[in-house]
Amino acid sequence: MKFTVVKNIQKNSSMSLILRGFLLFILLYLISDVLVLKSGFGITFEAVNTTLKGNEELYIDAMNEASFLEFWHTQIFFIMMILLTLSSIFIRVANRSRAILTNALMLSAITSLISLPLTFYLSNFFTYIYVIAYFFWHAIALYMILYALWKLNATSV
Amino acid sequence: MQQAYKLSIFYYILFSLLLILSAVMLFEHKIGFSYNSVLDYYIGNEDKFIPAQSAAGILKIVLPHIFVFGLFAMVLLHFLVFTDLKSRRVFLILIYVTFITALLDIFTPFMIISGWSFFAYIKILSFFTFLSLTLFTLWLLFRKIR
């Protein structure tokens, strides 16, 4: 987290390069996350419901509780670490709207994570909230990555 | 500390609470919080049709947790420099005990399957001590940034 105390990060070419490399990896992670989720857990309302609750007509079993809790636990950790580092970089390079965007990013990510057990234990209704919040935080994260890359690139050699 | 960074830390606290909740639910569902349930999970129970865990199977679970516990504890504890924890002694004890309980929580399953049943108690104790210390650190952080 040295970059949080470097005075003019855009003019520090080595730190700027490191952060651009890191942002590229976060971008790749987010894209891969969507692709992996699409092929496994599902990213549509129907697919997520089928994975969690099963489908008798298609002979698909419901996800068992242990697998669900492991999936949820892993998701929380990865999202937490990625968003902490991404928001720290974004806050460092952005001048305006950083609090609004950070709040929107974090709240939507937390909403999507809380919706998962609510879908599993309570009602299918929360699937809608999960899917919408999931895409919302991915979209904001994508914007933050591209904006930070642009800001770091604009003023570095 | 910048106001915007306080925001990041605040959300880190919220995510940590969610992580703790999911960890407790997972532990309770897969293993259980009693001495016997911990033994059943690791060394198996024929009457309950619970298969014993192998060292390789435990290692598969332990491997990602070594990295995750280390990273999580490091990130959380390094925020302590922003808190009002004036006593360097308490600060050091907190760091040592957090890492030691994390290590015990990760490696006690190997002792249990090696026949040291007593380590089932250590497993439960280290799990809850690690979570309690994490909650205490989160509370210190929250007090500072509110």
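Residues numbered from 1 in each chain as written. Chains lettered and ligands numbered in written order. Predicted model: local features only at pLDDT ≥ 70, side-chain atom pairs only at ≥ 80, totals over all residues. Heavy atoms only, no water.

Enquirer: What's the story with the overall build of chain A in this structure? I'm lost.
Expert: Looking only at helices and strands, chain A features 5 helices and 0 strands. Reading chain A from its N end, one meets helices and strands in the order α-α-α-α-α. Overall size of chain A, expressed as C-alpha extent along the three principal axes, is 60 × 25 × 20 Å. Counting across all 157 residues of chain A, residues that qualify as buried make up 49%. Within chain A, contacts between residues at least 6 apart in sequence are counted, and of these 70% link residues at least 24 apart. Only carbon and sulfur atoms are counted for the fraction: they give 66% of the accessible area of chain A, which is about 8100 Å². Each charge sign in chain A was given a centre, from 10 positive and 7 negative side chains, and these centres are 38 Å apart. (Helix = DSSP H or I, 4+ residues; strand = E, 2+ residues; numbered from the N terminus. Buried < 20%, exposed > 50% of the residue type's maximum accessible area, 1.4 Å probe, protein only. Contact = heavy atoms within 4.5 Å. Areas by Shrake-Rupley, 256 points an atom, 1.4 Å probe, with all protein chains shown as cover. Lys, Arg positive; Asp, Glu negative; His and termini not counted. Charge placed at Lys NZ, Arg CZ, Asp CG, Glu CD.)

Enquirer: How should I be thinking about the interface of chain A and chain B in this particular structure?
Expert: Accessible area lost upon the coming together of the parts serves often as the stated size of an interface. Contacts between the two partners involve 30 residues from chain A, matched on the other side by 25 residues from chain B. Buried surface at the junction of chain A and chain B, summed over both partners, amounts to about 2500 Å²; 80% is from carbon and sulfur atoms. A per-residue breakdown of the area chain A buries against chain B is headed by H73(A), F77(A) and M80(A), which together make up 24% of the total. At the junction of chain A and chain B, the tally comes to 1 salt bridge. (Buried area = accessible area lost by both parts, 1.4 Å probe. Salt bridge = Lys/Arg side-chain N within 4 Å of Asp/Glu carboxyl O.)

Enquirer: What should I look at first to understand the side chain of T101(B) in this one?
Expert: All names here are of chain B. Here T101 lies in helix α4 (residues 88-113). Of the polar contacts made by the side chain of T101, one reaches the backbone oxygen of V97; its length is 2.8 Å. The residues touching T101, leaving out its near neighbours within four places in the chain, are S126, T129, F130 and L133. (Polar contact = N/O pair within 3.5 Å; in protein donor to acceptor, adjacent residues only side chain to side chain.)

Enquirer: Looking at this structure, I do not really get the pattern of salt bridges. What am I missing?
Expert: In a structure, side chains of opposite charge can pair up when their charged atoms sit close to one another. Residue and element names in this part refer to chain B. According to the stated counting rule, one finds 3 salt bridges over all chains in the structure shown. The closest approach of N and O atoms between K48 and D40, which form a salt bridge, is 2.9 Å. Its salt-bridge partner being K123, residue D105 comes within 3.0 Å of it at the nearest N-O pair. Linking D105 in helix α4 with K123 in helix α5 (residues 119-145), this pair joins segments that are 18 residues apart in sequence. For the pair shown, D105 and K123 are each scored as buried.

Enquirer: Where do I start with the environment of E46(B) in this structure?
Expert: Residue and element names in this part refer to chain B. Note on placement: E46 falls in the loop between α2 (35-43) and α3 (55-78). On the accessibility criterion, E46 (74% relative accessible area) is exposed. As a C-alpha pair, E46 and I13 span 33 residues in sequence and 42 Å in three-dimensional space.

Enquirer: Honestly, the environment of I95(B) in this entry has me stumped. Any pointers?
Expert: Residues and elements named next belong to chain B. For I95, the location among the structural elements is in helix α4. Residue I95 is classed as partly exposed on the basis of its relative accessible area, which comes to 23%. Along the chain, I95 and R146 lie 51 residues apart, while their C-alpha atoms are 23 Å from each other.

Enquirer: In this structure, what is going on with the packing of helix α1 (residues 13-39) of chain A against helix α5 (residues 125-154) of chain A? I would like to understand it.
Expert: When two helices pack together, you describe them by how their axes are tilted relative to each other and by the distance separating the axes. Residue and element names in this part refer to chain A. Close contact between α1 and α5 brings their axes to 10 Å; oriented N to C, the two are set at 155 degrees. With respect to α5, the element α1 is oriented roughly antiparallel. The hand of the α1/α5 crossing is left-handed. Across from S16, L19, R20, L23, I26, L27, L30, D33, V34 and L37 in α1, the residues of α5 making contact are Y130, Y134, W137, H138, A141, L142, I145, A148, L149, L152 and N153. Across the contact of α1 with α5, the residue classes break down as 16 nonpolar, 3 polar and 2 charged. (Axes fitted to C-alpha atoms, helices over the stretch in contact; angles between N-to-C directions. Parallel < 35°, antiparallel > 145°, perpendicular 65-115°, else oblique. Left-handed = near helix turned anticlockwise from the far one by under 90°. Nonpolar A, V, L, I, M, F, W, Y, C, P; charged D, E, K, R; others polar.)

Enquirer: Sorry, what's going on with the confidence of the model for chain B here?
Expert: Detailed reading of the predicted coordinates is not advisable wherever pLDDT is low. Residues and elements named next belong to chain B. Per-residue confidence for chain B gives a mean pLDDT of 91, with 98% of residues at or over 70. Model confidence for chain B, summarised as mean pLDDT per element, is weakest for helix α1 (residues 3-30) at 91 and strongest for α2 at 94. We note a pTM of 0.89 for the whole complex and an ipTM of 0.89 for its interfaces. (pLDDT = per-residue confidence, 0-100.)

Enquirer: What exactly am I supposed to notice about the packing of aromatic side chains here?
Expert: The relation between two aromatic rings is expressed through the spacing of the ring centres and the mutual angle of the planes. If you walk through the whole model with that rule in mind, you get 32 aromatic pairs over all chains. Taking 6.3 Å as the distance between ring centres and 75 degrees as the angle between the ring planes, the aromatic pair formed by F118(B) and F119(B) counts as edge-to-face. Among the residues examined, F118(B) registers a relative accessible area of 54% and is labelled exposed. Given a relative accessible area of 18%, F119(B) falls into the buried group. These aromatic residues form a ring-pair network of at least three members: F41(A), F71(A), Y130(A), Y134(A), F135(A) and W137(A). If you follow R143(B) out to its NZ or CZ, it ends over the ring of W139(B), 4.8 Å from the centre. (Phe/Tyr/Trp six-rings, centres within 6.5 Å; stacked < 30°, edge-to-face > 60°. Lys NZ or Arg CZ within 6 Å of the ring centre and 35° of its normal.)

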